[in-house]
Amino acid sequence: MNEILLAEPRGFCAGVDRAIEIVERALAKFGRPIYVRHEIVHNTYVVNDLKTKGAIFIEELDEVPPGATLVFSAHGVSRSVQEEAARRGFQIFDATCPLVTKVHVEVAKLHREGYEFIMIGHKGHPEVEGTMGQLDSGIHLVEDEADVLRVQPAQTDLLAVVTQTTLSVDDAAGILAAVKARFPKVREPKQQDICYATQNRQDAVKLLSPQVDIVIVVGSPTSSNSNRLREVALKLGTPAYMVDNAGELQPEWFEGKLRVGLTAGASAPDILVQQVIERLRDLGAIAVRRMDGLTETVKFPLPKGLKIEGAAAPAHLR
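All of these numbers come straight from a predicted model, not from anything done at the bench.

## Quick word on the state of the cysteines
Right, so step 1: Scanning the entire structure with this criterion turns up zero disulfides.
Right, so step 2: Free of any disulfide, C13 has its nearest neighbouring cysteine sulfur in C195, separated by 5.9 Å.
Right, so step 3: The thiol of C97 is unpaired, and the distance to the nearest cysteine sulfur, on C13, comes to 6.2 Å.
Right, so step 4: Looking at C97, the relative accessible area reads 14%, which means it is buried.

Take a look at the structure:
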């Protein structure tokens, strides 16, 4: 192994930065514990780090005591969860990624105009549950092209498509083509729902994969966008593995491999990438080179009520 080639961009996106900062600021302002519904982002290291600082991660709102401060995760929540949390009187901060919120707003608007929806996404993913939970009925999940042939909307005159934001761009395009073939009048998203960061990281892996002998993706098993990065590399014919941390790297993966490509999902912190680089050096890597790539400048505002006078930026943003 001679060289590590780093994908650009990789790692944290603006929505993840914002979500983690919301929890850290809530802890700094209101003290521990802060309750978070579902993992704030899908990364083991981030979740464990916030647990040590006083965050308690829960799935059901009845686990939260009266009067507590509650944060909704970056993936978004259903309308029923929002309403129940408001009824219970929690102090709520919504860390839903603004790009997911954009999908929720579009669903609500088109529903008022009489539309039904086909949602392209993965069953059981919290973002999918949150988006589908914006409506009581009239939203149908498809996971692949076979599902498109089975779906039975009540009417097809007013039918719109929405997608999970962390899908593979190519997979989503194939499923959307199948939807359009079956329902020619379907309304496509005004803007592609798949988020800029997901697309940028996938595009970087498409550039990276042909230049390397193996691709390593830093990301947790529950991270949809990290899993998609591995799949993108595999589809291009490059062996690819996803690791939660440097300890999961297997020396035999690198036997006979001269150049290693390295990227990280949008919820994976840079400290994990640096630890993987150190482990690869131990295994024989000599040089590290960054690919040319996009520099992301997107920044999302924080919710009101979290400003801390004179406070430094949280550690993960410094």
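What follows picks up the thread again.
## Some points on helix α10 (residues 270–282)
Right, so step 1: An ideal rise of 1.5 Å per residue puts 18 Å on 13 residues; α10 measures up with 19 Å between its terminal C-alpha atoms.
Right, so step 2: Looking only at α10, the buried set comprises L272, V273, V276, I277 and L280. For α10, the angular spread of buried residues about the axis comes to 145°, placing them on one side.
Right, so step 3: Those residues of α10 that are buried lie in contact with β1 (3–6), α2 (44–53), β9 (214–218), β10 (240–243), β11 (259–264) and β12 (287–290).
Right, so step 4: G284 occupies a position one or two residues after α10 and carries a positive phi of about 120°.

## Observations concerning the sheet that holds β10
Right, so step 1: Read across the sheet, five strands follow the order β10-β9-β11-β1-β12 without closing on themselves; strand pairing throughout is parallel. Each edge of the open sheet is held by one strand with a lone partner, namely β10 and β12. Each strand axis lies, on average, 25° off the axis of its neighbour in the sheet, ignoring direction.
Right, so step 2: Note that β9 and β11 share five bridges and pair parallel.

Conventions adopted
Residues numbered from 1 in each chain as written. Predicted model: local features only at pLDDT ≥ 70, side-chain atom pairs only at ≥ 80, totals over all residues. Heavy atoms only, no water. Disulfide = S-S within 2.5 Å. Buried < 20%, exposed > 50% of the residue type's maximum accessible area, 1.4 Å probe, protein only. Helix = DSSP H or I, 4+ residues; strand = E, 2+ residues; numbered from the N terminus. Expected span 1.5 Å × (residues − 1). Arc of directions from axis to C-beta. Contact = heavy atoms within 4.5 Å. Pairing = 2+ DSSP bridges. Axes fitted to C-alpha atoms, helices over the stretch in contact; angles between N-to-C directions.

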